[in-house]
Amino acid sequence: MSEKRYFRQQNPFRVPTTDGKLIEEHIGLASTRTGQYSVAHMVAPPQWSEPHQNPEFDEVTIVVRGRKRFEIDGDVVELRAGESLLIKGGARVRYSNPFEEECEYWSICVPAFSMDTVHREE
């Protein structure tokens with residue numbers, strides 16, 4: 001029998017976090033050893049933020065619920081449910097949810113998200 005040309009993810013990899021953020025990688029290095037791209041579902045709690053970073057990969061964010069703030073090379077962009085944003089690799093970016101409600105979103109990275117190429121500032 002030939003190899004199937006699809007993959008059904010029924011058990012995404014839940015990334016361990018210490019900041020209350022839910023990260024479920026459906027496709028990517030941690031879940032399927034896919035390096036070309038990654039797809040993750042995330043829920044950021046109210047008042048969540050992470051340090052600035054300078055990733056080598058492009059990242060598309062699609063907000064499903066709530067709002068999310070992006071600081072990109074000095075600009076501030078806020079997305080609402082139903083909106084999306086592409087941030088090109090090499091941009092200095094900081095993600096946050098400074099609002100009172102959770103923010104649920106999907107993230108697609110090309111190539112796949114990697115701790116080795118995200119370059120988070122301390």
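Residues numbered from 1 in each chain as written. Predicted model: local features only at pLDDT ≥ 70, side-chain atom pairs only at ≥ 80, totals over all residues. Heavy atoms only, no water.

The name that an unreviewed UniProt entry assigns to the protein is Cupin domain-containing protein, with the source organism given as Hymenobacter duratus.

1. Some words on the sheet that holds strand 5 (residues 58-65)
Taken together, six strands build an open sheet; the order of strands is 1-2-3-10-5-8 and the sheet is antiparallel. Of all strands in the sheet, those with a lone pairing partner are strand 1 (13-14) and strand 8 (84-87), marking the two edges. In the sheet, strand 5 pairs with strand 10 (residues 103-110) via seven bridges, with the strands oriented antiparallel. Across the sheet, residue Val60 finds its bridge partner in strand 10, namely Ile108. (Pairing = 2+ DSSP bridges. Helix = DSSP H or I, 4+ residues; strand = E, 2+ residues; numbered from the N terminus.)

2. As for the side chain of Gln53
Mapped onto the elements, Gln53 comes out in the loop between strand 4 (48-49) and strand 5. A polar atom in the side chain of Gln53 sits 2.9 Å from the side chain of Arg120. Other than its neighbours up to four places away in sequence, Gln53 contacts Ala91, Arg92, Val93, Tyr95, Val118, His119, Arg120 and Glu121. (Polar contact = N/O pair within 3.5 Å; in protein donor to acceptor, adjacent residues only side chain to side chain. Contact = heavy atoms within 4.5 Å.)

3. A short note on the packing of aromatic side chains
On inspection of all chains with the given rule, the structure shows two aromatic pairs. Ring geometry for Phe70 and Tyr95: centres 5.6 Å apart, planes at 80°, overall edge-to-face. With a gap of 25 residues between them, Phe70 in strand 6 (residues 67-72) and Tyr95 in strand 9 (residues 93-97) connect regions that are remote in the sequence. Each member of the pair, Phe70 as well as Tyr95, carries the same accessibility label: buried. The ring of Phe99 is capped by Arg67, whose NZ or CZ atom sits 3.7 Å from the centre of that ring. (Phe/Tyr/Trp six-rings, centres within 6.5 Å; stacked < 30°, edge-to-face > 60°. Buried < 20%, exposed > 50% of the residue type's maximum accessible area, 1.4 Å probe, protein only. Lys NZ or Arg CZ within 6 Å of the ring centre and 35° of its normal.)

4. Some points on the UniProt feature "domain: Cupin type-2" (unreviewed entry) in the protein
Under the local residue numbering, the UniProt record ascribes the feature "domain: Cupin type-2" (unreviewed entry) to residues 43-108. Overall, residues 43-108 shows 0% helix and 59% strand. The separation of its end C-alpha atoms is 14 Å. (UniProt positions renumbered as here; feature names shortened; annotations may be inferred.)

5. Section: the sheet that holds strand 7 (residues 75-80)
Pairing is antiparallel across the open sheet formed by four strands, whose spatial order is 4-9-6-7. Of all the strands in the sheet, the pair left with one neighbour each is strand 4 and strand 7. By the bridge criterion, two bridges tie strand 4 to strand 9 in an arrangement that is antiparallel. Bridging from a neighbouring strand, Ser49 pairs with Ser96 of strand 9.

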